[in-house]
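Overview (structure and organization)
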Amino acid sequence: MSETAKIILDGKEYVCPIITGTENEKAIDISSLRSDSGHITLDFGFKNTGSTKSAITFLDGEKGILRYRGYPIEQLAEKSTFIEVAYLLIYGELPNPKELNYFSNSVGRHTLVHEDMRRFFEAFPTGAHPMGILSTMISSLSTFYPHSQDPNRPMEDIDLTMHRLIAKMPTLAAMAYKFAMGQPTMYPINKLSYIDNFLYMMFGLPVEDYEVDPIVADAMDKLLILHADHEQNCSASTVRIVGSSQANMYSAISAGIAALWGPLHGGANQAVIEMLEMIRNDGGNMQKWIDKAKDKNDSFRLMGFGHRVYKNFDPRATIIKKACDNVLDKMGIDDPVLDIARKLEEVALKDPYFVERGLYPNVDFYSGIIYRALGVPTEMFTVMFAIGRLPGWIAQWKEMIENREPIGRPRQVYVGATKRDYMPMDKRS
Ligand code: CMC
């Protein structure tokens, strides 16, 4: 007989099925609890609440395991490419040579954006944050492709939208950067690989040749693979919930970008460098800032430390730390901010406050450092994360649509005023 859980409410017993995942993780299915008993469950931040069944990414925070479609992240980071991982996440299997060729060519063919979009860029104020620009531009793509509005169109149309998104995201990201720098934008060159094309659009100039540094391209490819999906986090859940209203894919992804922007999520990589610069400008007294992070009356947190699900180590951080050391050594970078990062990592890893709470550097600590070493401006860091996370968001959206999931609509426990009558203005104190 299948396992069940019993919940006793006001002396009455309710039996809830236990759902077991393929990795043996267990969930109490309370989907009929409200209709049967009138009770809901309350779980701030959804720390214990599953919102869906998913076959995309498995992670075990205690053991530090991360797998995409069953494949360990360590193997993918070492042997695969970002484009292959994108295919794997979206379509569920590693592509054969023909499938990979078709997918790369299709993505390679759709890199241009409509010339009218340039006018949007011109309208943003100087200093506009590239994440705000990216989210707006991705959302505006839906207006250029009205056929994409309906998520229930035939699979070829959905495929086209997915490929367009993956193709145009780097173009739009690089355009946001170029406009911010006051430099001419670079049109994509479709014979280049995905990563090389992006680096060329970011760092190339019409007045000189640009050669992609293979160390930079390799580090970038790894970073994008590591960021490609992370199951039901803040932005992935946002994409699913927006998509569940049957809003178009561009709008759902744009909402995911907005969710990623926050410093407690993807924005942490920017926040890490800003924090390190602040510590340097303040005289480099590491202990002062560690003490502030530990002080419960102080809102300061060590950015790039801690994780909602990884409480022993972040497997992505282990991989990226190696790449980080490699890039810094090979590029011979001498940067006082990066020295502070290394010292901070050393001190925090020994401090009992951080050790007891399982707070150690997460992927964003190292990715921020690498991006800085690669010459990517700080405000673009979260944009880099968004480019990496895009296939994951698409896969999450596609799975939600294919599973015909209902519109996301949580409940609440109301704690506001009970019924009262409208009071005329002259009676109010
Ligand atoms: N600095 C100092 N104290 C911390 C930190 C930190 N970075 N993170 C957590 N704590 C403390 C927190 O005060 C609490 O202490 P206590 O038990 O004494 O009240 C304890 O550790 C548990 O923290 P929490 O806030 O309950 O943990 P959470 O799972 O809700 O939050 C987190 C996870 C990532 C939001 C948090 O660790 C944090 O704010 N980190 C800094 C921001 C950051 O680096 N975010 C990127 C996460 S990785 C990117 C991604 O996958 O999205």
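Residues numbered from 1 in each chain as written. Predicted model: local features only at pLDDT ≥ 70, side-chain atom pairs only at ≥ 80, totals over all residues. Heavy atoms only, no water.

Observations regarding the overall build of the protein chain
- From N to C terminus, the protein chain includes 18 helices and 6 strands.
- For 429 residues, the compact-globule estimate of 2.2 N^0.38 gives 22 Å, and the C-alpha radius of gyration of the protein chain, at 23 Å, lies within 12% of that figure.
- In terms of overall dimensions, the protein chain has C-alpha extents of about 75 × 65 × 60 Å along its principal axes.
- Per-residue burial for the protein chain yields a buried fraction of 48% across its 429 residues. (Helix = DSSP H or I, 4+ residues; strand = E, 2+ residues; numbered from the N terminus. Rg over C-alpha atoms; globule rule 2.2 N^0.38 Å. Buried < 20%, exposed > 50% of the residue type's maximum accessible area, 1.4 Å probe, protein only.)

Focus on a nonpolar patch on the surface
- A cluster of nonpolar residues, Ile40, Leu42, Phe44, Val413 and Val415, forms a patch on the protein surface that exposes about 550 Å² of accessible area.
- Of note, Val415 is situated in the segment after helix 18 (381–402).
- Classification of Val415 as exposed rests on a relative accessible area of 75%. (Patch = residues over 30% accessible without salt bridge, like charges linked within 9 Å, V, L, I, M, F, W, Y side chains within 5 Å. Areas by Shrake-Rupley, 256 points an atom, 1.4 Å probe, with all protein chains shown as cover. Salt bridge = Lys/Arg side-chain N within 4 Å of Asp/Glu carboxyl O.)

Brief notes about the domain arrangement of the protein chain
- Domain boundaries assigned for the protein chain yield domain 1 (4–50) and domain 2 (55–407).
- Relative to domain 2, the C-alpha centre of domain 1 lies at a distance of 34 Å. (Domains from an automatic or database assignment.)

Details of the side chain of His129
- Inspection of the secondary structure puts His129 in the loop between helix 5 (117–123) and helix 6 (130–144).
- Looking at His129, the relative accessible area reads 16%, which means it is buried.
- Excluding its chain neighbours within four sequence positions, the residues that come into contact with His129 are Trp261, Gln270 and Glu379. (Contact = heavy atoms within 4.5 Å.)

Considerations on the site of the ligand
- In the vicinity of the ligand there are 22 residues, among which His265, Lys296, Arg301, Leu302 and Gly304 approach most closely.
- In this structure, an oxygen atom belonging to the ligand sits 2.8 Å away from a side-chain N or O atom of Lys296.
- Between the ligand and Arg308 there is a distance of 3.0 Å, counted from an oxygen atom to a side-chain nitrogen or oxygen.
- Look at the ligand: alone it shows 940 Å² of surface, and the protein chains cover 79% of it.
- Broken down by class, the residue content of the shell around the ligand amounts to 9 nonpolar, 5 polar and 8 charged. (Near = heavy atom within 4 Å. Polar contact = N/O pair within 3.5 Å; in protein donor to acceptor, adjacent residues only side chain to side chain. Nonpolar A, V, L, I, M, F, W, Y, C, P; charged D, E, K, R; others polar.)

Things to note about the sheet that holds strand 5 (residues 65–68)
- Strand order in the open sheet made by the 3 strands is 4-5-6, with antiparallel pairing throughout. Two strands close off the open sheet at either side, each with one partner strand: strand 4 (57–60) and strand 6 (71–72).
- Here strand 4 runs beside strand 5; their pairing, made up of 4 bridges, is antiparallel. Within strand 5, the position partnered with Asp60 by the bridge is Ile65. (Pairing = 2+ DSSP bridges.)

Things to note about the packing of helix 6 against helix 11 (residues 249–261)
- The geometry of helix 6 relative to helix 11 is characterised by a closest axis approach of 7 Å and an angle of 170° between their N-to-C directions. Classified by the interaxial angle, the pair formed by helix 6 and helix 11 is roughly antiparallel. Residue-level contacts link Met131, Gly132, Leu134, Ser135, Ile138, Ser139, Leu141 and Ser142 of helix 6 to Tyr250, Ile253, Ser254, Ile257, Ala258, Leu260 and Trp261 of helix 11. (Axes fitted to C-alpha atoms, helices over the stretch in contact; angles between N-to-C directions. Parallel < 35°, antiparallel > 145°, perpendicular 65-115°, else oblique.)

Some details on helix 6
- For helix 6, spanning 15 residues, the distance from its first C-alpha to its last is 21 Å, which sits close to the expected 21 Å at 1.5 Å a residue.
- Burial analysis of helix 6 places 11 of its 15 residues in the buried class, the great majority of the element.
- Tucked into the core, helix 6 has its buried residues touching helix 5, helix 7 (155–181), helix 11 and helix 18. (Expected span 1.5 Å × (residues − 1).)

Observations concerning the pattern of salt bridges
- Under the defined criterion, the tally for this structure stands at 19 salt bridges.
- Among the salt bridges present, the one from Arg153 reaches Asp157, with a minimum N-O distance of 2.7 Å.
- Accessibility expressed as a relative area gives 30% for Arg153, which makes it partly exposed.
- For Asp314, the salt bridge is made with Arg316, and the minimal N-O distance between the two is 3.0 Å.
- Judged by relative accessible area, Asp314 falls into the buried class, the value being 1%.

What to know about the packing of aromatic side chains
- Taken as a whole and judged by the stated rule, the model has 14 aromatic pairs.
- Through pairs of rings, three or more aromatic residues link up here, namely Phe305, Tyr353, Phe354, Phe365 and Tyr366. (Phe/Tyr/Trp six-rings, centres within 6.5 Å; stacked < 30°, edge-to-face > 60°.)

Here's the deal with the pairing of strand 5
- In this antiparallel pair of consecutive strands, strand 4 and strand 5, the connection spans 4 residues, and Gly64 shows a positive phi of 70°.
- By the bridge criterion, 2 bridges tie strand 5 to strand 6 in an arrangement that is antiparallel. Bridging from a neighbouring strand, Arg67 pairs with Pro72 of strand 6.
- Counted between consecutive antiparallel strands, the loop separating strand 5 from strand 6 contains 2 residues, among which Arg69 sits at a positive phi close to 50°.

Points about the environment of Glu84
- By the secondary structure assignment, Glu84 is in helix 3 (residues 82–91).
- When the C-alpha positions of Glu84 and Ser104 are compared, they lie 8.5 Å apart, and in sequence the two are 20 residues distant.
- A distance of 2.5 Å separates a polar atom in the side chain of Glu84 from a polar atom in the side chain of Ser80.

Section: the packing of helix 6 against helix 7
- Their axes nearest at 10 Å, the elements helix 6 and helix 7 cross at an angle of 140°. Judged by the angle between their axes, helix 6 and helix 7 are oblique. Pair helix 6 / helix 7 crosses with right-handed handedness. Residue-level inspection shows Pro130, Ile133, Leu134, Met137, Ile138 and Leu141 of helix 6 in contact with helix 7, the latter providing Leu165, Lys168, Met169, Leu172, Ala173 and Ala176.
- In terms of residue class, the contact of helix 6 with helix 7 is made up of 11 nonpolar, no polar and 1 charged. (Left-handed = near helix turned anticlockwise from the far one by under 90°.)

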